[in-house]
Amino acid sequence: MQQDFLIIGGGVVGMAVAYGLLRAGCRVTVLDGSDDSLRASRGNAGLTWVQGKGAGMPAYAELSFEASLAWPDFAAELEERTGLDLEYEHRGGVDLCFNQEEAEARQREYSAIQSTSPYLARQFRWQYLDRTSLASYLPGLGEGVHGGTWSPHDGHCNPLYLLRALFSANLGLGLDYRPGCEVHLLTPLMNGFRAATTHGTYEAERLILAAGLGSAALAPMLGLSGAVRPVRGQVLVTERLQKIAQLPTPQIRQTASGAYLIGDIQEEVGFDRGVTLPIMQQLADRAVRIFPFLAHARLVRSWGALRVMTPDGHPLYEASRQYPGAYGLSSHSGISLAAFHAGRLAESILQDSLNHEYAKFSGARFSRSALNP
Ligand SMILES: Cc1cc2nc3c(=O)[nH]c(=O)nc-3n(C[C@H](O)[C@H](O)[C@H](O)COP(=O)(O)OP(=O)(O)OC[C@H]3O[C@@H](n4cnc5c(N)ncnc54)[C@H](O)[C@@H]3O)c2cc1C
């Protein structure tokens, strides 16, 4: 039976789930904000990352693996449908360490992740490599780097091309996309939901809230958790340089165009999405420490963007118990998990089994009683 969905939010989370639902034959309307909205999907680093994910929550580590395994087919299918190149590469990645203490802490953390489930013990492959051993993965690596953890599960893509491909594929599958429709009120009805927006009202049988930081205000209207807060990142981009066969790192990666994208800073500064000189200086200094050959590279762009962060940093997926048919989705790894969001997560929403299959990701873990048992 064809089902109607309203999705609030046309970022990478809303659009990936929309893709999964449209492919399954659903009718989907996406209500989205405007160019001045907070939009993490347009300001991120483009990593499809696994290593380190799920410390303290094995279910999240397993989900990150699932997404990484699904990404190659997901990318190939999107590229075939749209003719767009996502610049997706899945050749592994390295997370750098700058001193012995950091190296030891990292190895303890990854061993702990591996020990939390038989699946992770089997699947999670990583190795700590010193600076010399890393040289073949990261030619030109500077002496200020101690080493880093290498893992074959990581990758990267162009996140703007991913979003564009999702838009293009979804429109081709019949998506009704409504930009500039800021939702200010959500009302449960007898057989569905109504969204009141700056440009009219919309109704559907089921509703998915994927409004990034906008979910905080809207979630309580549907009995969902809106436990997300902004965490700022600042990013620097160099001019295009000669392409080198290099693995991506969270600190810096060379994009398909040859430009280096720099930045893994996390700042608690509320809703300020500006850039600051001290942080840009810190990022540039560290980039040169990693790759001394960047000392003479020109910086051509910088921006600040706000992460959509839950209290424990893990995703939030839940179906409203109070208003069946309403779902809340938030994730601080919307690129890494895109293949999962378009695949199994969309299926689970379609079958209304979200709370059953992904109970550990419910917002109930942030309730007062869960935090202070
Ligand atoms: C600097 C930085 C680096 C990052 N690097 C990575 C990375 O390397 N890999 C990775 O996996 N993730 C990364 N992330 C995180 C990733 O960008 C996010 O997880 C993802 O973009 C979240 O997508 P979203 O759709 O939930 O939110 P958003 O992209 O913020 O989209 C929310 C949408 O909802 C709309 N909206 C909001 N309120 C309303 C409303 N009331 N009515 C209608 N529409 C509304 C907005 O207009 C917007 O389009 C990074 C984030 C940042 C900031």
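So, how was this worked out
- Residues numbered from 1 in each chain as written.
- Predicted model: local features only at pLDDT ≥ 70, side-chain atom pairs only at ≥ 80, totals over all residues.
- Heavy atoms only, no water.
- Pairing = 2+ DSSP bridges.
- Helix = DSSP H or I, 4+ residues; strand = E, 2+ residues; numbered from the N terminus.
- Axes fitted to C-alpha atoms, helices over the stretch in contact; angles between N-to-C directions.
- Contact = heavy atoms within 4.5 Å.
- UniProt positions renumbered as here; feature names shortened; annotations may be inferred.
- Buried < 20%, exposed > 50% of the residue type's maximum accessible area, 1.4 Å probe, protein only.
- Near = heavy atom within 4 Å.
- Polar contact = N/O pair within 3.5 Å; in protein donor to acceptor, adjacent residues only side chain to side chain.
- Phe/Tyr/Trp six-rings, centres within 6.5 Å; stacked < 30°, edge-to-face > 60°.
- Lys NZ or Arg CZ within 6 Å of the ring centre and 35° of its normal.
- Expected span 1.5 Å × (residues − 1).
- Domains from an automatic or database assignment.

Caption draft 1: Quick peek at the sheet that holds strand 1 (residues 4–8). Spatially, the 6 strands line up as an open sheet ordered 8-2-1-12-18-17, and their pairing is mixed. Every interior strand has two partners, whereas the edge strands, strand 8 (176–178) and strand 17 (316–319), have only one. For this sheet the average axis-to-axis angle between neighbouring strands, irrespective of direction, equals 15°. With 3 bridges connecting them, strand 2 (residues 27–31) and strand 8 associate as parallel partners. What sits directly across from Thr 29, in strand 8, is Asp 176.

Caption draft 2: Geometry of the environment of Ala 227. Mapped onto the elements of the fold, Ala 227 is located in the loop between helix 7 (215–218) and strand 13 (229–240). Excluding residues within four positions of it along the chain, Ala 227 makes contact with Met 309, Thr 310, Pro 311, Leu 316 and Phe 366.

Caption draft 3: Up close: the UniProt feature "domain: FAD dependent oxidoreductase" (unreviewed entry) in the protein chain. As annotated by UniProt and renumbered to match this structure, "domain: FAD dependent oxidoreductase" (unreviewed entry) occupies residues 4–346. Summarising residues 4–346: 30% helix, 27% strand, and an end-to-end C-alpha distance of 13 Å.

Caption draft 4: The arrangement of the pairing of strand 13 in detail. Of all 12 residues in strand 13, 10 are buried; the element is thus mostly enclosed. With 10 bridges connecting them, strand 13 and strand 16 (residues 299–309) associate as antiparallel partners. Across the sheet, Gly 233 pairs through a bridge with Ala 305, a residue of strand 16. Pairing of strand 13 with strand 15 (residues 259–262) involves 3 bridges; the strand directions are antiparallel. Considered in strand 15, the bridge of Val 237 is made with Leu 261.

Caption draft 5: Spotlight on the site of the ligand. Surveying the vicinity of the ligand reveals 36 residues, the closest of which are Asp 32, Ser 41, Val 183, Ser 331 and Ser 336. Within the backbone of Val 183, a nitrogen or oxygen atom sits 2.8 Å from a nitrogen atom of the ligand. Contact distances for the ligand include 2.7 Å between an oxygen atom and a backbone N or O atom of Ser 331. Only helix 1 (12–23) and strand 16 provide two or more residues apiece to the shell around the ligand. Among the elements that take part in the shell around the ligand, strand 16 stands out by supplying 3 residues, more than any other.

Caption draft 6: The arrangement of the packing of aromatic side chains in detail. Per the stated rule, a full pass over the model turns up 18 aromatic pairs. For the ring pair Tyr 137 and Trp 150, a centre distance of 5.8 Å and an interplane angle of 5° mean the geometry is stacked. Taken together, the positions of Tyr 137 in the loop between helix 5 (131–134) and strand 6 (147–151) and Trp 150 in strand 6 put the pair 13 residues apart, joining distant regions of the chain. Take Tyr 137: its relative accessible area is 29%, and that puts it in the partly exposed class. On the basis of relative accessibility, which here comes to 13%, the residue Trp 150 falls in the buried class. The aromatic ring of Tyr 19 is capped on one face by Arg 23, whose charged end is 4.5 Å from the ring centroid.

Caption draft 7: How the structure looks around helix 1. Across its 12 residues, helix 1 extends 16 Å between first and last C-alpha, which sits within 8% of the 16 Å expected from 1.5 Å per residue. Among the 12 residues of helix 1, 11 are classified as buried, and the element is accordingly described as predominantly covered. Of the residues making up helix 1, those classed as buried are Val 12, Val 13, Gly 14, Met 15, Ala 16, Val 17, Ala 18, Tyr 19, Gly 20, Leu 21 and Leu 22. Gly 25, located one to two residues past helix 1, shows a positive phi value of around 95°.

Caption draft 8: Expanded view of the domain arrangement of the protein chain. Looking at the assigned domains, one finds that the protein chain contains domain 1 (4–47 + 160–227 + 312–371), domain 2 (93–152) and domain 3 (229–309). Taking the mean C-alpha position of each, domain 1 and domain 2 sit 34 Å from one another.

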